[in-house]
Amino acid sequence: ARSLRIHGQLLEGENFEILAKNESDDKNTSNQGGYIGFFGINQFESPFENVAFALKEDGSFSEPVETSIGWHIIKRLK
């Protein structure tokens, strides 16, 4: 799957923001390197939030997670 290929590229050291610009289908955020800004609870679907809030280290990224709108790889900035 495409999300697994992208995740593999991240594991190999590829730049998250460049991959988001080149690979993301979300035209609202892809030009910003996938940046969605700060968010709290109950703003996104539970699978997305559960994975996002489980990331403990700044700069870490998730495995691909599926929601009703597609697949996501989440990077924690801070």
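The structure under discussion appears in the preceding block.
Okay, so let's go over this structure. (Residues numbered from 1 in each chain as written. Predicted model: local features only at pLDDT ≥ 70, side-chain atom pairs only at ≥ 80, totals over all residues. Heavy atoms only, no water.)

Here we take up the overall build of the chain. Along the backbone of the chain there are three helices and two strands. In the chain, the succession of α and β elements from N to C terminus is α-α-α-β-β. For 78 residues, the compact-globule formula gives about 12 Å, and the C-alpha radius of gyration of the chain, at 12 Å, lands near that figure. Overall size of the chain, expressed as C-alpha extent along the three principal axes, is 30 × 25 × 25 Å. The buried share among the 78 residues of the chain stands at 29%. (Helix = DSSP H or I, 4+ residues; strand = E, 2+ residues; numbered from the N terminus. Rg over C-alpha atoms; globule rule 2.2 N^0.38 Å. Buried < 20%, exposed > 50% of the residue type's maximum accessible area, 1.4 Å probe, protein only.)

Right, let's talk about helix α1 (residues 2-11) for a bit. Turning to α1, its buried residues are Ser3, Ile6, His7 and Leu10. Buried positions in α1, seen along its axis, are confined to an arc of 100° and lie on one side of it. Away from its buried face by more than 90 degrees, α1 exposes Leu4 and Leu11. Here the buried face of α1 lies against α2 (16-23) and β2 (70-72). Just downstream of α1, Gly13 is the residue with a positive phi angle, here 105°. (Arc of directions from axis to C-beta. Contact = heavy atoms within 4.5 Å.)

Next up on the list: the pattern of salt bridges. Enumeration over the complete set of coordinates arrives at five salt bridges. Among the salt bridges present, the one from Arg2 reaches Glu23, with a minimum N-O distance of 3.7 Å. A residue pair is termed long-range when its members are at least 10 positions apart, and Arg2 in helix α1 and Glu23 in helix α2 qualify at 21 residues. Note that Lys75 and Glu17 form a salt bridge whose closest N and O atoms lie 3.1 Å from each other. Remark: Glu17 occurs in helix α2 and Lys75 occurs in the segment after β2; sequence separation between them is 58 residues. Since its relative accessible area comes to 26%, Lys75 is described here as partly exposed. Classification of Glu17 by relative accessible area gives partly exposed; the value is 26%. A network of salt bridges, in which partner residues are shared, links Arg2, Arg5, Glu23 and Asp25. (Salt bridge = Lys/Arg side-chain N within 4 Å of Asp/Glu carboxyl O.)

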